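For reference, the chains in residue letters:
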Amino acid sequence: MKKTKEYYKEKYNKKWEECYLEAVKSGSDDPGYDASIAFDEIANADEIVGYYLVNYTENPLDNWLDNTKGIKLNEQDKEVTSILEKL
């Protein structure tokens, strides 16, 4: 299966919704904030790519590179970079 931009966006939207609903279910006073914390902790590379495609429509790769500048990239981060470069 070829992974398109739409594939990555769907992966992100699904994971974000899961995180948001879990925050609401657990009685969060700020479910958007708590969902974003949970997303950062559990998202995989495909879901992170989707996040950048949805939230940084102009230059997702440039934004990713800016946000990761100066930090040591783990394997998942390197995978995100690779996917964004190919898109």
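For the structure itself, consult the block above.
Summarised in this report is the structure supplied together with it.

Criteria and cut-off values
- Residues numbered from 1 in each chain as written.
- Predicted model: local features only at pLDDT ≥ 70, side-chain atom pairs only at ≥ 80, totals over all residues.
- Heavy atoms only, no water.
- Phe/Tyr/Trp six-rings, centres within 6.5 Å; stacked < 30°, edge-to-face > 60°.
- Helix = DSSP H or I, 4+ residues; strand = E, 2+ residues; numbered from the N terminus.
- Core = buried A, V, L, I, M, F, W, Y, C linked by side-chain atoms within 4.5 Å.
- Buried < 20%, exposed > 50% of the residue type's maximum accessible area, 1.4 Å probe, protein only.
- Contact = heavy atoms within 4.5 Å.
- Expected span 1.5 Å × (residues − 1).
- Arc of directions from axis to C-beta.

## Quick look at the packing of aromatic side chains
Then comes step 1: Taken as a whole and assessed by the stated rule, the structure comprises nine aromatic pairs.
Then comes step 2: Between Tyr12 and Tyr51, the aromatic rings sit 5.7 Å apart at their centres with planes inclined by 75°, giving edge-to-face as the arrangement. Of this pair, Tyr12 sits in helix α1 (residues 5-25) while Tyr51 is found in helix α3 (residues 45-55), placing the two residues 39 residues apart along the sequence.
Then comes step 3: Aromatic pair Trp16 and Tyr20: ring centres 6.5 Å apart, planes at 40°, arrangement tilted.

## A short note on the nonpolar core
The tendency in soluble globular proteins is for nonpolar side chains to be buried as a group.
Then comes step 1: With 16 residues, the main nonpolar core has Tyr8, Ile48, Val49, Trp64, Val80 and Leu84 as its most contacted residues.
Then comes step 2: Those elements giving two or more residues to this core turn out to be α1, α2 (31-42), α3 and α5 (75-86).
Then comes step 3: Of the residues forming this core, the biggest block, five residues, is contributed by α3.
Then comes step 4: Leave out the neighbours within four places in its chain, and Tyr8 touches Lys3, Asp46, Val49, Gly50, Leu53, Ile83 and Leu87.

## Side note on α2
Then comes step 1: End to end, α2 covers 16 Å across 12 residues, agreeing with the expected 16 Å (1.5 Å per residue, within 8%).
Then comes step 2: Burial in α2 covers these residues: Pro31, Ala35 and Phe39. Down the axis, α2 shows its buried residues gathered within 70° of arc, on one side only. In α2, the exposed positions angled more than 90 degrees off the buried face are occupied by Asp40 and Glu41.
Then comes step 3: Contacts from the buried residues of α2 go to α1 and α3.

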